[in-house]
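Descriptive analysis of the structure
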Amino acid sequence: MDIKNVKGTHDIILEEAKAYDKIEMTMKSFAEAFCFSEFRTPVIEPSELFQRSVGESSDVVRKEMYTFLDKGDRLLALRPEFTAGIVRSFVNNKLYATRDLPLKAYYSGPVFRYERPQQGRYRQFHQFGVESLGVENVLNDVESLFLGYVILTALGLENVTLKINTLGDASSREAYRNALKGYFESHIKDMCDDCKVRYEVNPLRILDCKVPSDHEIVLGAPKMSDYLSSEAKAKFNKVLIALDEMNIPYEIDDTLVRGLDYYSELVFEYHYTSKKGVNYGAIGAGGHYDNLVEELDGPKMAGVGFSFGIERVYSVLKDDGLLDDIVDDIDIYVMPLSEKAKNQAFYLTSGLRTSGYKTEINLVDSKMANMFKKADRRGAKLGIIIGDDEIANGTVIVKDLAKKEQEEVAIDDLLDKVDAFFGEGQDECCCGDGECHCHDHEGE
RNA sequence: GCGAAUGUGGUGAAGUGGUUAACACACCUGGCUGUGAACCAGGCACGCGUGAGUUCGAUUCUCAUCAUUCGCCCCA
């Protein structure tokens, strides 16, 4: 086939899909425990939504958005992130007036950015995240930050580095912005083209520049911390105290600015280096925003949130061997030995399936040896063999595939036999209803 | 947007300016017509990303193009 997946997209299939499911279930269950509620917002939104929220000066909007005209000449965009859509939904549905605040939402789904694909970077990728809207207490900032930390820990990641910084409140940023403008005024002519644009739209972002010659200049720039208002300092300190109290290790990184324009006050990133020493950079990030809700025509209220890149979390977990326990094994493999036996075996298989056993049947003509091979490949624990002799006797052969022991069982006794086999030596199913026998209920 | 590497079957891959494109794994068939191993005998790329050029002749050389992967920027 010469039709291939679109550049930068990837198929999440089979065992990988199973792993993604586990990751998302873990994230969701903790979000629920923190009393966040799920929001499912559209993949397509008016392009303007992101221009106003994420910001014209951000690379995400400037050059990475998937925008297009629909048949009604509306300029739409595939969402490059979730926050804008969540806030839009919050405002459209007037939740600020009808629900208790802060309104706490979580989300999970695909997002799109037109970038050059490479390690840990896709054009369609998946994010899980949360937003608290209408926050007044910095402890709500800490709540989100802590949730992200708890999730990563629960997934088994031990050496998460939490980097935090504060961008200050409006007056702090205004003062700092002016200071930066003043500092860079004499240097800007020697700096890269990106920085020239940043100088005009958002001088703060110049600090993020990685061009070596520019970096020299950046080193001499004024520091945010010197321009923080006393209120901003106090807020940031409250966060730090809370983190200390909760024994969450962090690093203050005063070069941390974030690429989306709506952040103010607290910003943070979760970094990770795998046990093999591969630095995956930020696997999740977030922060506080004072003006976004108002910017999108809602009341003046602050929000805070973070998001994880599921692909990156997956890579990190895989690299550290934390996904090795995920298997897609089946319970029972049914092997009919004749055309006539296939029918009988099929009815029997259907019965086992409705009883909750993951049962597969071989319906292609195969030699017995091949069927055993297939049973092994699928990880089946039990084999059921049925041939013309068994049909004549009203029995089947039930074989413990690991022990290679078998016995002939009357068809009427089959389910009891199977129940007995899977009942013993295994923990009681967490569903507790005695019906479900699958082994995949971790995280439910 | 910039830079680098790679492109041979189901998979991993070797290879050469010229007759049958190694080898291994997987898979299929038969030996063995009801039991998972092993063994034996066969089968499995009319094709070496695509297009053009050089040449008597190209999978092998040149150019272009596309794709993949990786790095930079930026980001999850």
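Residues numbered from 1 in each chain as written. Chains lettered and ligands numbered in written order. Predicted model: local features only at pLDDT ≥ 70, side-chain atom pairs only at ≥ 80, totals over all residues. Heavy atoms only, no water.

As a further point, take unusual backbone geometry. In the segment running from Leu-101 into Pro-102, the intervening peptide bond is cis, with an omega of 0°. Summarising the element assignment, Pro-102 is placed in the loop between helix H5 (95-98) and strand E5 (103-112). Of note, Cys-35 is a non-glycine position whose phi angle comes to about 65°, a positive value. Position of Cys-35 relative to the elements: it lies in the loop between helix H1 (14-33) and strand E1 (37-38). A relative accessible area of 54% means that Cys-35 is categorised as exposed. Phi at Lys-404 is positive, roughly 60°, even though this residue is not glycine. Mapped onto the secondary structure, Lys-404 falls in the loop between strand E15 (395-400) and strand E16 (405-410). Classification of Lys-404 by relative accessible area gives exposed; the value is 66%. (Helix = DSSP H or I, 4+ residues; strand = E, 2+ residues; numbered from the N terminus. Buried < 20%, exposed > 50% of the residue type's maximum accessible area, 1.4 Å probe, protein only.)

In terms of nonpolar packing, the biggest core is built from 52 residues, with Phe-50, Val-87, Phe-90, Phe-184 and Ile-206 touching the most fellow members. When residues of this core are assigned to their parent elements, the largest contribution, 5 residues, is made by helix H4 (residues 83-92). With near-sequence residues (within four places) excluded, Phe-50 lies in contact with Glu-45, Gly-55, Val-61, Met-65, Ala-77, Arg-79, Pro-80, Glu-81 and Ala-84. One finds Ile-23, Leu-155, Val-313 and Leu-323 within the second-largest nonpolar core, a separate group that totals 44 residues. (Core = buried A, V, L, I, M, F, W, Y, C linked by side-chain atoms within 4.5 Å. Contact = heavy atoms within 4.5 Å.)

Here we come to the environment of Tyr-280. With respect to the helices and strands, the residue Tyr-280 is situated in strand E10 (residues 279-289). Of the residues examined, Tyr-280 reaches a relative accessible area of 18% and is grouped as buried. Along the primary structure Tyr-280 and Gln-406 are separated by 126 residues, whereas in three dimensions their C-alpha atoms are 50 Å apart. At a separation of 3.0 Å, a polar atom in the side chain of Tyr-280 contacts the side chain of Asp-319. (Polar contact = N/O pair within 3.5 Å; in protein donor to acceptor, adjacent residues only side chain to side chain.)

Quick look at the protein's contact with RNA strand B now. Taken together, 46 residues are adjacent to RNA strand B, and Arg-113, Arg-121, Gly-259, Asp-376 and Leu-401 come closest. Backbone atoms, meaning sugar and phosphate, form 46% of the atoms of RNA strand B found within 4 Å of the protein. Note that a phosphate oxygen of RNA strand B is positioned 3.3 Å from one of the backbone N or O atoms of Gln-119. A distance of 3.0 Å is found between a phosphate oxygen of RNA strand B and a side-chain nitrogen or oxygen belonging to Arg-377. Where the surface near RNA strand B is concerned, the elements lending two or more residues are strand E6 (124-135), helix H8 (193-201), E10, strand E11 (302-309), helix H14 (368-377), helix H15 (388-393) and E15. The dominant element in the surface near RNA strand B, judged by the number of residues it contributes, is H14, at 5 residues. Here the surface near RNA strand B is composed, by residue class, of 12 nonpolar, 10 polar and 24 charged. (Near = heavy atom within 4 Å. Nonpolar A, V, L, I, M, F, W, Y, C, P; charged D, E, K, R; others polar.)

We now examine helix H12 (residues 310-319). Residues separated by three or four positions in an α-helix point in the same direction, a consequence of the helix having 3.6 residues per turn. Among the 10 residues in H12, 8 count as buried, and that is most of the element. Regarding H12, the residues found buried are Ile-310, Glu-311, Val-313, Tyr-314, Ser-315, Val-316, Leu-317 and Asp-319. In this fold, the buried residues of H12 make contact with H1, E6, helix H6 (138-154), strand E9 (266-273), E10 and E11. Trailing H12 by a residue or two, Gly-321 shows a phi angle of about 70°, which is positive.

Pairing is possible between side chains of opposite charge, provided their charged atoms come close. Enumeration over the complete set of coordinates arrives at 19 salt bridges. In this structure, Lys-28 and Glu-38 form a salt bridge, with 3.6 Å as the shortest nitrogen-oxygen distance. Residue Lys-28 is located in helix H1, and its partner Glu-38 is located in strand E1; the two are separated by 10 residues in the primary sequence. Taking the relative accessible area as the measure of exposure, Glu-38 reaches 28% and is therefore partly exposed. Between Arg-88 and Glu-45 there is a salt bridge, and its shortest N-O distance comes to 2.5 Å. Taken together, the positions of Arg-88 in helix H4 and Glu-45 in strand E2 (residues 44-46) put the pair 43 residues apart, joining distant regions of the chain. Look at the salt bridges and you will find they share partners, linking Lys-18, Asp-328 and Lys-358 into a network. (Salt bridge = Lys/Arg side-chain N within 4 Å of Asp/Glu carboxyl O.)

Bringing the pairing of E16 into the picture now. Relative to E16, E15 runs antiparallel, the two sharing 6 bridges. Paired with Thr-395 across the strands is Ala-410, a residue of E16. The hairpin turn running from E15 into E16, its antiparallel successor, is 4 residues long, and Lys-404 in that turn takes a positive phi close to 60°. (Pairing = 2+ DSSP bridges.)

Attention shifts here to H8. Listed in full, the buried residues belonging to H8 are Cys-195, Arg-198 and Tyr-199. The buried side chains of H8 occupy one side of the element, clustering within an arc of 105° when seen end-on. Within H8, the exposed residues directed more than 90 degrees away from the buried face are Asp-193 and Glu-200. (Arc of directions from axis to C-beta.)

For the pair H1 and H12, the least separation of the axes is 11 Å and the interaxial angle reads 110°. The orientation of H1 with respect to H12, classified from their angle, is roughly perpendicular. Contacts from Glu-16, Ala-19, Tyr-20, Ile-23, Glu-24 and Met-27 in H1 reach Ile-310, Glu-311, Val-313, Tyr-314 and Leu-317 in H12. Considered class by class, the residues forming the contact of H1 with H12 number 8 nonpolar, no polar and 3 charged. (Axes fitted to C-alpha atoms, helices over the stretch in contact; angles between N-to-C directions. Parallel < 35°, antiparallel > 145°, perpendicular 65-115°, else oblique.)

Our next topic: the packing of helix H7 (residues 170-184) against H8. In contact at an axis separation of 10 Å, H7 and H8 are set at 140° when each is read in the N-to-C sense. When the axis of H7 is compared with that of H8, the two are oblique. Our pair here, H7 against H8, has a crossing hand that is left-handed. Residues Arg-177, Lys-181 and Phe-184 of H7 touch H8, and the partners they reach there are Tyr-199, Glu-200 and Val-201. For the contact of H7 with H8, the class distribution of residues is 3 nonpolar, no polar and 3 charged. (Left-handed = near helix turned anticlockwise from the far one by under 90°.)

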